[in-house]
Number of protein chains: 4
Amino acid sequence: MTEFRLAWVYFAIAIVLASAANAADTEKAEDRKRIRDLGITIGTLAPGPLNAITDVDGVLVGHVTLNRGEGRLEPGKGPVRTGVTAILPHGGDLWREKVPAATYVLNGTGEMTGSIWIETQGALEVPILLTNTMNVGRVMDGVVAYMLKRYPDIGIRDDVVAPTVAECDDSTLNDARGIHVSIEDTVRAIESAKGGAVAEGAVGAGTGMMAFGFKGGIGTASRVLPAEAGGYTVGALVNANMDSRKNLRVDGVPVGREIRSDQPTRGQDGSIVIVIATDAPLDHLKLKRLASKASLGLARTGAMSHHGSGDLFLAFSTANRVPHYPKQRTYTMRVVADTHLDPIFEAAQDATEEAILNALTMATTTVGRDGNTAHAIPLDQLVAIMKKYDRLE
Amino acid sequence: MTEFRLAWVYFAIAIVLASAANAADTEKAEDRKRIRDLGITIGTLAPGPLNAITDVDGVLVGHVTLNRGEGRLEPGKGPVRTGVTAILPHGGDLWREKVPAATYVLNGTGEMTGSIWIETQGALEVPILLTNTMNVGRVMDGVVAYMLKRYPDIGIRDDVVAPTVAECDDSTLNDARGIHVSIEDTVRAIESAKGGAVAEGAVGAGTGMMAFGFKGGIGTASRVLPAEAGGYTVGALVNANMDSRKNLRVDGVPVGREIRSDQPTRGQDGSIVIVIATDAPLDHLKLKRLASKASLGLARTGAMSHHGSGDLFLAFSTANRVPHYPKQRTYTMRVVADTHLDPIFEAAQDATEEAILNALTMATTTVGRDGNTAHAIPLDQLVAIMKKYDRLE
Amino acid sequence: MTEFRLAWVYFAIAIVLASAANAADTEKAEDRKRIRDLGITIGTLAPGPLNAITDVDGVLVGHVTLNRGEGRLEPGKGPVRTGVTAILPHGGDLWREKVPAATYVLNGTGEMTGSIWIETQGALEVPILLTNTMNVGRVMDGVVAYMLKRYPDIGIRDDVVAPTVAECDDSTLNDARGIHVSIEDTVRAIESAKGGAVAEGAVGAGTGMMAFGFKGGIGTASRVLPAEAGGYTVGALVNANMDSRKNLRVDGVPVGREIRSDQPTRGQDGSIVIVIATDAPLDHLKLKRLASKASLGLARTGAMSHHGSGDLFLAFSTANRVPHYPKQRTYTMRVVADTHLDPIFEAAQDATEEAILNALTMATTTVGRDGNTAHAIPLDQLVAIMKKYDRLE
Amino acid sequence: MTEFRLAWVYFAIAIVLASAANAADTEKAEDRKRIRDLGITIGTLAPGPLNAITDVDGVLVGHVTLNRGEGRLEPGKGPVRTGVTAILPHGGDLWREKVPAATYVLNGTGEMTGSIWIETQGALEVPILLTNTMNVGRVMDGVVAYMLKRYPDIGIRDDVVAPTVAECDDSTLNDARGIHVSIEDTVRAIESAKGGAVAEGAVGAGTGMMAFGFKGGIGTASRVLPAEAGGYTVGALVNANMDSRKNLRVDGVPVGREIRSDQPTRGQDGSIVIVIATDAPLDHLKLKRLASKASLGLARTGAMSHHGSGDLFLAFSTANRVPHYPKQRTYTMRVVADTHLDPIFEAAQDATEEAILNALTMATTTVGRDGNTAHAIPLDQLVAIMKKYDRLE
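Within each chain, residue numbers correspond to sequence positions counted from 1 in written order. Here chains are named by letter from A upward and ligands by number from 1 upward, in the order in which they appear as written. Totals for whole chains, interfaces and linings use every residue, but because this is a predicted model, local features are given only for residues with pLDDT of at least 70 and side-chain atom pairs only at 80 or more, for both listing and counting. As a convention, hydrogens and water are excluded, and side-chain values are obtained from all of the structure's heavy atoms.

A. Geometry of the pairing of strand β3 (residues 97-108) of chain B. Residues and elements named next belong to chain B. For the exposure calls, accessible area comes from a 1.4 Å probe over protein chains only, and a residue counts as buried if that area is under 20% of its type's maximum, exposed if over 50%, partly exposed in between. Labels follow the DSSP assignment, with helices taken as runs of H or I lasting at least four residues and strands as runs of E lasting at least two, numbered in each case from the N terminus. With respect to burial, β3 is a largely interior element, 10 of its 12 residues being buried. With 2 bridges connecting them, β3 and strand β13 (residues 322-323) associate as antiparallel partners. Across the sheet, the residue bridging to lysine 98 is valine 322, located in β13. Relative to strand β4 (residues 123-124), β3 runs antiparallel, the two being bridged by 2 bridges. Across the sheet, residue valine 99 finds its bridge partner in β4, namely leucine 124. Strand pairing is assigned whenever DSSP identifies at least 2 bridges connecting the two strands.

Rendered as structure tokens:
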């Protein structure tokens with residue numbers, strides 16, 4: 001009884017603080033900037049026109065953001081701070097024109113369904129979906145619904161479908177017990193996926209995510225290699241939900257140690273999902289190696305890959321197609337020689353690092369269930385720290 | 001139009017043949033026998049009292065069988081020949097008293113969700129569920145529902161859940177597009193799981209499965225090591241849905257080549273999921289090696305591990321507990337020394353081989369969607385062939 | 001002192017028995033037959049003209065057999081029952097025209113050097129060498145010597161070399177402490193490698209090996225797919241040194257249980273190395289899957305893959321070339337579609353099974369150090385058992 | 001002919017430049033400092049008393065440095081800039097008291113023999129040796145010689161030995177074709193291994209290594225966790241031979257971009273071997289995860305893990321012993337719960353990062369074959385750059 005009342009008091013305080021946080025917050029979506037627009041440049045390679053995974057020709061991204069309710073958690077009802085993000089390697093018939101792909105596990109406290117199949121076929125034949133942990137089943141169901149609708153032969157005269165859904169845990173902000181991302185939301189994320197600029201931060205699967213003790217979520221970036229290195233584009237999209245404040249590095253600067261304000265009401269030692277896309281012609285093995293390089297970009301943000309983190313990566317290449325039940329016995333793949341891979345590896349690392357930083361700088365302060373609050377990283381402080389260390393041009 | 005009419009003709013013929021098959025079928029459930037009861041003995045180790053995975057003390061199995069409707073496929077409606085099977089390492093608080101576990105992929109054209117997490121934690125904390133391919137999402141949803149009900153702190157003050165669901169494709173017999181296994185069915189399979197004899201053949205997740213061109217599905221077996229080898233029990237449970245007729249071997253005898261009758265109306269080159277349980281104290285690495293040995297028992301049935309097969313194995317040991325967020329920093333594990341593993345390896349291989357054969361000899365002829373029929377292996381022919389080759393005592 | 005005298009008595013007895021065994025032995029090399037020549041046919045696919053790994057066009061095999069001295073072990077001196085076997089994917093410039101390759105570990109109590117590199121590059125650029133366990137270093141040295149001689153730029157303007165050497169333990173018959181396989185022996189095995197028929201049994205690296213309690217060693221076999229399955233050739237070469245008598249199966253018949261004679265003086269629970277070659281165009285991933293299928297052929301001989309067994313497999317394809325420091329950024333690979341892989345998988349399994357049996361039926365009784373004796377499997381008994389079970393045409 | 005003369009001219013110029021470099025070099029061994037002694041602190045955890053892998057109680061390190069000859073390369077003769085380093089988990093009977101261990105491959109263009117066996121047994125039973133690439137065979141031979149001498153039963157009544165030897169390529173400075181590290185050198189490295197301070201830089205296996213376009217080689221560091229995190233010690237020892245100048249980061253500061261002087265005469269895009277030791281009680285799986293964390297420490301130095309890099313890691317724990325052919329069937333292991341692993345992970349990352357930096361700051365300018373020169377990183381410039389960016393206390 002007493003405990004219960006005490007809980008209410010804490011809750012009331014949390015709500016007040018959160019409201020204050022909200023009130024004080026000048027970091028609205030329209031004020032958020034991408035890391036590069038703050039004058040911070042990661043690496044030496046040039047980004048693509050959108051500095052997004054969609055710079056890889058054909059790649060589509062769709063978000064469905066679920067953000068409703070506030071106040072005390074009513075399990076199963078809300079508040080809802082979650083969503084789903086779809087990434088499509090191309091807008092064509094992916095089922096019949098699969099793309100070479102590979103997965104990589106840096107720290108496997110997480111789930112990426114379909115990875116056994118991707119590692120066997122060496123290719124991806126379904127959209128990639130990101131969502132929250134306990135919603136993976138529902139979103140798989142959504143992918144199946146989408147595929148059944150689109151392919152009437154599936155499960156009758158054609159194969160059955162194994163969806164690829166990867167998760168991070170947003171239960172600090174979100175009513176995770178509510179399993180709020182529906183089949184329809186999933187289908188909508190896939191069907192609304194498009195090229196062009198990609199919304200970042202607290203959107204789609206990133207809606208309830210936290211990273212480095214700030215609001216995290218979706219971030220993206222890209223690199224275009226010079227012509228003499230093949231002119232390939234490499235893009236990264238992350239759902240950043242990992243690590244604690246003290247570890248954050250921005251271009252090597254220990255920003256996390258310096259920003260003492262804007263502490264979250266509660267830590268969330270989550271995960272990061274990283275998707276790497278490229279138009280460089282790579283097969284499964286080279287893509288697996290490429291995916292592994294995301295570890296290095298991640299590390300350079302200071303992330304420690306904690307025990308509780310599901311650091312799961314997926315890389316695909318749009319440059320070849322793997323056929324579905326072809327009549328011809330063989331097909332050809334064009335691939336980059338190993339001795340020419342390094343610029344592609346570098347691009348993946350830099351794009352990953354920048355995508356994570358974009359997730360932070362584009363995310364907006366979010367008050368979730370029970371008033372739990374993840375603050376947007378204060379851009380003014382960030383810039384000031386970079387200046388202090390003489391690292392801004 | 002003509003095609004459509006032709007389809008109807010084929011369908012009518014199929015139904016007639018199927019009915020004939022049914023009529024002629026003397027292989028009703030009550031007439032089916034386990035392979036050992038036919039006088040066929042696999043290996044030299046003794047089985048446990050039930051010759052089932054439930055001989056491993058504490059292990060529980062639950063089936064929910066969905067078998068309704070007949071005739072032409074109406075996608076989304078039926079006929080339904082599917083189900084869900086739950087295996088629980090123990091009947092206690094698995095979430096807080098995890099068991100060491102490992103997975104193994106022989107051929108990965110399949111899905112076993114949760115395997116990334118099992119391979120990271122080295123332990124299993126949720127029931128293992130088996131079902132059909134496109135139902136994996138729904139069954140994951142069911143596991144989440146079960147866990148949320150049982151553990152009110154999950155997703156609030158406790159971790160979130162990553163279910164372990166493995167699948168085979170039953171779409172030849174079942175209306176796979178219908179996603180007929182519900183959340184409720186899943187919860188029921190878990191909650192009804194019990195020790196004792198295990199129903200085999202066309203039950204639970206095995207309801208619509210086919211193996212070696214016969215009706216397949218669930219099979220189980222066990223071995224008890226002599227006291228001087230530790231006295232451990234090793235049990236196997238399979239969902240057998242793989243391979244074609246010609247490859248079937250029974251205790252090395254090429255039975256599949258000899259039985260020409262009872263051909264299925266349509267082949268189904270599916271998968272096999274194998275779960276190995278033991279009370280031998282093994283840690284993750286030793287269990288991973290144990291799981292890999294299931295390959296050898298599988299091979300001895302003649303299975304080829306075709307491209308399209310999801311040959312996914314999971315092994316767990318009930319002899320140690322892995323704690324959930326323990327206050328104490330360390331815990332102890334008792335393990336069998338590598339140099340004493342061989343009898344346990346042998347037991348797993350023999351139990352696997354026998355479990356697969358039990359799946360065949362216990363399954364009953366099943367007429368599924370569009371009259372597609374999988375016949376029970378004719379036990380009289382099987383016995384006759386074994387006699388012909390002087391392999392029956 | 002007493003122990004020492006007792007040891008001498010045992011030794012004298014062993015020598016007498018071994019001599020008797022030798023005297024009684026009618027299983028001389030000229031009397032040995034391959035399993036198929038005994039009327040035993042494994043699987044349904046046709047073998048190639050030589051029924052050997054060299055049926056894969058271009059593949060070369062070289063053996064250097066070291067067999068000298070007899071009587072009591074003088075560590076470092078002898079008796080010597082060992083050797084080295086070289087397998088070359090092609091007779092050209094392998095360093096600059098690498099072949100796609102992959103390795104697979106079924107049970108890793110063994111060593112295959114170079115496997116990390118093969119798994120990274122997805123290709124093989126050096127000859128494959130087989131030898132005894134403690135000789136791996138010396139044989140690596142030999143490969144380096146061969147490469148340095150052939151490629152004067154290596155280590156100066158060109159890369160350095162990582163040899164691929166796989167081992168089994170022949171210490172029951174051989175003075176393993178003597179490290180008798182020299183650099184020169186290794187170079188000779190490589191340089192003498194040739195196409196055509198392959199010597200089997202107690203030759204090369206197989207000289208001191210034992211399998212199923214019989215003399216084992218080198219065996220080979222091949223399969224040629226029908227034109228409608230691609231017409232590809234798949235060959236296997238094994239160094240068989242594993243498992244115990246009771247487990248041996250020949251085409252499923254429990255031959256090991258039935259042959260009670262010819263027991264070895266001492267068991268040797270060793271390993272098996274399996275090399276699969278094919279001219280089917282397969283890339284690294286498909287070759288890795290192909291290599292894994294050797295497990296199934298191995299299992300069908302009854303092998304248990306004991307704890308102490310190094311069951312290490314390597315598969316390569318001669319149908320594509322991977323360039324060495326190419327000027328062109330990309331190259332093309334032709335590959336078989338997954339949906340056409342099954343006949344290739346089947347061929348690998350059957351060739352593996354037959355190669356193991358050939359290792360047994362072609363090996364000759366060998367008396368090694370301390371009179372330790374491994375008997376050739378008695379072909380007359382083998383044939384009689386197969387007839388008894390009505391399994392000989 | 002003309003080419004030959006031109007080569008001589010280049011050579012003469014190289015020698016002159018190298019001598020100049022040498023002359024100008026104030027960076028003698030006695031002037032070199034460890035990174036921490038320059039005022040640069042990596043991470044927040046405290047180092048052990050020696051800040052070396054030998055802070056882990058019982059761990060021993062031995063170096064044999066081969067540095068002789070100068071001038072033009074005479075293949076097989078010199079100049080010699082190479083060596084061998086031995087790391088022993090404890091000074092007792094490692095063969096019979098094995099330690100839990102695991103390996104991890106970040107980028108596998110390299111060799112670590114014995115890793116298949118370590119991954120199977122989950123333990124290490126032999127000293128770890130580091131050397132140059134083409135010397136791996138000879139050093140394996142040396143380990144075998146050491147083991148045979150120490151264990152007279154090996155290869156007779158006891159098992160055979162599979163050595164663990166890991167390599168980097170020193171062929172830019174060293175006459176790699178000479179295979180200069182002998183069996184005797186190897187035995188000497190093992191037998192001279194001792195606790196206490198560890199020589200760093202151009203010593204042992206690090207003698208001819210280069211990293212970030214500077215002289216690299218051996219580096220070490222350690223961390224001691226606070227008592228409330230278990231008080232465990234974690235040590236790292238690296239052989240750093242990787243990456244190019246522009247990528248070098250020191251505590252996040254882009255030092256490599258700023259130091260334009262002291263360019264090497266020739267790049268060497270090599271590898272890094274990382275050995276992690278701890279007295280925290282970890283089993284194979286937890287050690288594998290620990291080894292993987294070295295990737296993150298590596299990444300924070302800016303290393304890109306290029307295609308040509310063999311980034312191979314090995315972790316072991318001294319807190320448990322794995323018995324050799326025990327009579328008792330089972331043994332116990334004490335392990336840290338997953339939820340208490342994070343500080344150990346952090347320690348491994350920080351120790352790895354610092355060990356790499358120590359390899360640089362402790363290495364001395366080395367002129368190798370053909371006058372090829374790797375300069376020591378100029379400490380004055382390094383300090384100045386760190387000051388410029390306000391990152392020195």
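From this point on, the discussion continues.
B. Quick look at the environment of Leu73(C). On the secondary structure map, Leu73(C) appears in the loop between β1 (60-68) and β2 (80-88). The residues contacting Leu73(C), other than those within four sequence positions of it, are Gly78(C), Pro79(C), Asp175(C), Arg369(C), Asp370(C) and Ile156(D). Here, two residues are considered to be in contact whenever any of their heavy atoms come within 4.5 Å of each other.

C. Quick peek at the interface of chain B and chain A. Counting residues at the interface gives 43 residues for chain B and 44 residues for chain A. Between chain B and chain A, a total of about 3,300 Å² is buried, with carbon and sulfur atoms accounting for 61% of that surface. Throughout, the accessible surface (probe 1.4 Å) given up by two parts as they are put together, summed over both, is called the buried area. Contact with chain A buries surface across chain B, with Ile116(B), Met134(B) and Arg177(B) losing the most and accounting together for 22% of the total. By convention in these notes, a salt bridge is any Lys or Arg side-chain nitrogen within 4 Å of a carboxyl oxygen on Asp or Glu. Summed over the shared surface of chain B and chain A, the number is 2 salt bridges. For the salt bridge of Arg138(B) with Asp141(A), the shortest nitrogen-to-oxygen distance reads 2.4 Å. Pairs of N or O atoms are called polar contacts if they sit within 3.5 Å, as long as, within protein, a hydrogen donor faces a hydrogen acceptor (for residues adjacent in sequence, only side-chain-to-side-chain pairs). Scanning the region where chain B abuts chain A turns up 18 residue pairs in polar contact (both at pLDDT 80 or more). Secondary structure elements with two or more residues in the side of chain B that touches chain A: β3, α2 (115-121) and α3 (136-150) of chain B. If you tally residues by element for the side of chain B that touches chain A, the top one is α3(B), at 8 residues. Amino acids are sorted into nonpolar (Ala, Val, Leu, Ile, Met, Phe, Trp, Tyr, Cys and Pro), charged (Asp, Glu, Lys and Arg) and polar (every other residue, Gly among them). Split into classes, the residues belonging to the side of chain B that touches chain A amount to 22 nonpolar, 12 polar and 9 charged.

D. Main features of the packing of aromatic side chains. In this analysis, rings of Phe, Tyr and Trp, with Trp reduced to its six-membered ring, are considered paired at centre separations within 6.5 Å, and the interplanar angle assigns stacked below 30 degrees, edge-to-face beyond 60, and tilted for intermediate values. The tally for this structure, following the rule as stated, stands at 8 aromatic pairs over all chains. Note on Tyr104(C) and Phe313(C): the rings are 6.2 Å apart at their centroids and 15° apart in plane angle, and the pair reads as stacked. Remark: Phe313(C) occurs in strand β12 (residues 310-317) and Tyr104(C) occurs in strand β3 (residues 97-108); sequence separation between them is 209 residues. For the pair Tyr104(C) and Phe313(C), a shared accessibility class is recorded, and that class is buried. Centre to centre, the rings of Trp95(D) and Tyr151(D) are 6.1 Å apart; their planes meet at 45°, and the pair counts as tilted. Linking Trp95(D) in the loop between β2 (80-88) and β3 (97-108) with Tyr151(D) in the loop between α3 (136-150) and β6 (164-168), this pair joins segments that are 56 residues apart in sequence. Here Trp95(D) falls in the buried class, since its relative accessible area comes to 1%. In this structure, Arg245(D) is placed above the aromatic ring of Phe214(D), and the distance from its NZ or CZ to the ring centre is 3.6 Å. For a Lys NZ or an Arg CZ to count as sitting over a ring, it must be within 6 Å of the ring centre and within 35 degrees of the ring normal. Across from the ring centre of Phe345(D), 4.7 Å away, lies the NZ or CZ of Lys293(D), which sits over that ring.

E. Main features of the packing of helix α3 (residues 136-150) of chain A against α3(B). The contact between α3(A) and α3(B) brings their axes to 7 Å, and the two run at 160°. In terms of their interaxial angle, α3(A) and α3(B) are classed as roughly antiparallel. In this structure, α3(A) crosses over α3(B), and the sense of that crossing is left-handed. Taken together, the residues of α3(B) that come into contact with α3(A) (itself represented by Val136(A), Gly137(A), Arg138(A), Met140(A) and Asp141(A)) are Val136(B), Gly137(B), Arg138(B), Met140(B) and Asp141(B). A fitted line through C-alpha atoms serves as each axis, taken over the contacting stretch for helices, and the angle formed by two N-to-C directions is quoted from 0 to 180°. Geometric relationships in this document are graded by angle, where less than 35 degrees denotes roughly parallel, more than 145 denotes roughly antiparallel, 65 to 115 denotes roughly perpendicular, and other angles denote oblique. Handedness of a crossing follows from how the near helix is turned relative to the far one, being left-handed for an anticlockwise turn of less than a right angle and right-handed for a clockwise one.

F. Representation of the interface of chain D and chain A. On the side of chain A, 36 residues touch chain D, which itself brings 36 residues to the contact. For the pair chain D and chain A, the two sides together bury roughly 3,000 Å², of which 47% comes from carbon and sulfur. For chain D, the biggest contributors to the area lost against chain A are Arg300(D), Met304(D) and His307(D); these three give 20% of the whole. Linking chain D to chain A there are 4 salt bridges. Close ionic contact of Asp251(D) with Arg249(A) constitutes a salt bridge, the shortest N to O distance being 3.0 Å.

G. Representation of the relation of the copies chain D and chain A within the structure. Note on the copies: chain D fits chain A at an RMSD of 0.0 Å, the axial shift is 0.0 Å, and the rotation between them is 180°. The transformation just described matches what one would write down for a two-fold rotation axis. Every residue of chain D has its C-alpha some distance from the rotation axis, and the shortest such distance is that of Gly252(D), at 1.8 Å. Counting the interface residues of chain D, we find that 100% of their copies in chain A are interface residues as well, pointing to one common contact surface. In this comparison the copies share one frame, found by least squares on the C-alpha atoms of residues holding pLDDT of at least 70 in both.

H. Layout of helix α8 (residues 379-388) of chain D. All names here are of chain D. Of all the positions in α8, only Leu379, Leu382, Val383, Ile385 and Met386 are classed as buried. Looking straight down α8, one finds its buried side chains confined to an arc of 160°; they lie on one side. Exposed and oriented more than 90 degrees from the buried face of α8 are Asp380 and Lys387. Buried-residue contacts for α8 involve α5 (255-258) and α7 (342-362). Aspartate 390 sits one or two positions beyond α8 and adopts a positive phi of about 60°. For this quantity, the arc is that covered by the directions from the helix axis to the C-beta atoms.

I. The relation of the copies chain B and chain A, seen in detail. Overlay of chain B on chain A (RMSD 0.0 Å): rotation 180°, translation along the axis 0.0 Å. With an isologous cut-off of 70% or more, the 100% of interface residues of chain B that recur at the interface of chain A puts this contact in the isologous class.

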